[in-house]
Amino acid sequence: MTGEHHVSEEHPRAESIRIREQLTRQVETKVLALAGLIAHGRGEAFDYILGERTTLPAMRAITAASAALLLAEYPVLSVNGNVAALCPRELVELWEATGARLEVNLFHRLPGREEAIERVLKDAGAREVLGVGDAASASIDEVSSDRRRVDPRGILVADAVFVPLEDGDRTEGLVRMGKRVITIDLNPMSRTAQFATITIVDNVVRAMPLLIKEVERLKGSSRNELEALISGFSNREALSEALKLMKERLQSLSEKGVFIQPHG
Ligand code: PTJ
């Protein structure tokens, strides 16, 4: 059951419905965990409040994240079911732009899922995908879920790990191990958002292309310039600003008595 509706482009929520259909299809291929649909729904709710746009604080976080990926000696892009389903091509483009290795790392390590995600990434152009099957032979004591299983050539030795749509447990563990953790999470109150070194409060489908573009723009910068971009960034401030923007938007909508978004 794909739940495919071929919604008309004129539908006010066409893009949102198209993404939902894309995700539903990926449950059947095992790329997406069922819980991934619930996680997406939570993300959608925050995106609605945010106004479904990339904000200025998110753009500042994208700049700091680009600098961190370019500065890292050994960056790794951690891929779960939701990200593989939503933006496989962008993950491959980010690998090409930064040289960071791609590693599958799942909360729900069910039979066949790692291989299904590897296939999606390879179809999108990836040459190497770490963390599949027995390759995830190392274990991180700091993490208690299945996410503790990592590839000794990847996350275990990485100095910077990109973990879009993550759960708090592992983010905290990776930070405790001394790694720089970069995430994309629409919920500024999530444990991941709070624990990460750099949190981009934005939808992964909007943030990924911007992140790739920013990496390309900053590529010629010196190490000092990149370091300055990171030290000038405060995750705490960025999260406060995101929450403030949500609060202001809700306040303005409630004062106007307008509850329908222009496009929704
Ligand atoms: O594929 P697996 O097995 O590794 O599982 C992946 C999920 C996402 C199911 C798992 O990591 C999980 O349960 O995550 P959580 O704890 O639900 O956290 C996901 C976070 O991502 C939540 O804070 C959501 O608000 C946020 N989120 C959901 N969709 C998006 C998003 N953030 C950015 N862009 C989205 N499209």
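Refer to the structure printed above.
Since the structure is predicted, the reported quantities are computational estimates derived from the model, not experimental observations. (Residues numbered from 1 in each chain as written. Predicted model: local features only at pLDDT ≥ 70, side-chain atom pairs only at ≥ 80, totals over all residues. Heavy atoms only, no water.)

## Brief notes about the environment of lysine 219
In this structure, lysine 219 sits in the loop between helix H9 (204-218) and helix H10 (223-231). A residue is classified by how much of its surface remains accessible, and lysine 219, at 42% relative accessible area, is partly exposed. Excluding its chain neighbours within four sequence positions, the residues that come into contact with lysine 219 are Leu70, Glu96 and Ala97. (Helix = DSSP H or I, 4+ residues; strand = E, 2+ residues; numbered from the N terminus. Buried < 20%, exposed > 50% of the residue type's maximum accessible area, 1.4 Å probe, protein only. Contact = heavy atoms within 4.5 Å.)

## Some words on the site of the ligand
In the region of the ligand, 26 residues are neighbours, and Gly81, Phe107, His108, Arg113 and Arg147 sit closest. Measuring from an oxygen atom of the ligand, one finds a backbone N or O atom of histidine 108 at 2.8 Å. Interatomic distance of 3.5 Å between a backbone N/O atom of glutamate 166 and an oxygen atom of the ligand. Contact with the protein chains hides 92% of the accessible area of the ligand, taken as 740 Å² for the molecule alone. Looking at the shell around the ligand, the elements with two or more residues in it are helix H2 (34-50) and helix H4 (81-86). It is H2 that contributes the most residues to the shell around the ligand, six residues altogether. (Near = heavy atom within 4 Å. Polar contact = N/O pair within 3.5 Å; in protein donor to acceptor, adjacent residues only side chain to side chain. Areas by Shrake-Rupley, 256 points an atom, 1.4 Å probe, with all protein chains shown as cover.)

## Observations regarding the packing of H2 against helix H11 (residues 235-256)
Contact pair H2 / H11: the axes reach a minimum separation of 8 Å and the direction vectors enclose 65°. Relative to H11, the element H2 is oriented roughly perpendicular. Each of Phe46, Tyr48, Ile49 and Leu50 in H2 lies in contact with H11, whose residues at this interface are Met246, Arg249 and Leu250. Looking at the contact of H2 with H11 residue by residue, the classes come out as six nonpolar, no polar and one charged. (Axes fitted to C-alpha atoms, helices over the stretch in contact; angles between N-to-C directions. Parallel < 35°, antiparallel > 145°, perpendicular 65-115°, else oblique. Nonpolar A, V, L, I, M, F, W, Y, C, P; charged D, E, K, R; others polar.)

## Brief notes about the sheet that holds strand E2 (residues 101-104)
Strand order in the open sheet formed by six strands is E3-E2-E1-E6-E7-E8, and the pairing between neighbours is parallel. Of all the strands in the sheet, just strand E3 (129-130) and strand E8 (198-200) have a single pairing partner and so form its edges. Examined bridge by bridge, strand E6 (residues 160-162) and strand E7 (residues 180-184) share three bridges and lie parallel to one another. Note on E7: the bridge partner recorded for alanine 160 is arginine 180. (Pairing = 2+ DSSP bridges.)

## As for the side chain of arginine 109
Structurally, arginine 109 can be placed in the loop between E2 and helix H6 (113-123). Of note is the side chain of arginine 109, whose polar atom sits 2.7 Å from the side chain of glutamate 114. A distance of 3.4 Å separates a polar atom in the side chain of arginine 109 from the backbone oxygen of arginine 149. Beyond its immediate stretch of four places on either side in the chain, arginine 109 contacts Val104, Glu114, Gly131, Ala136, Asp146 and Arg149.

## As for the environment of alanine 68
Tracing the backbone through its elements, the reader meets alanine 68 in helix H3 (residues 56-71). Judged by its relative accessible area of 1%, alanine 68 falls in the buried class. Between the C-alpha atoms of alanine 68 and proline 188, which are 120 residues apart in sequence, the distance is 20 Å. Setting aside anything within four residues of it in sequence, one finds alanine 68 in contact with Ala160, Arg180, Ile182, Ile198 and Ile230.

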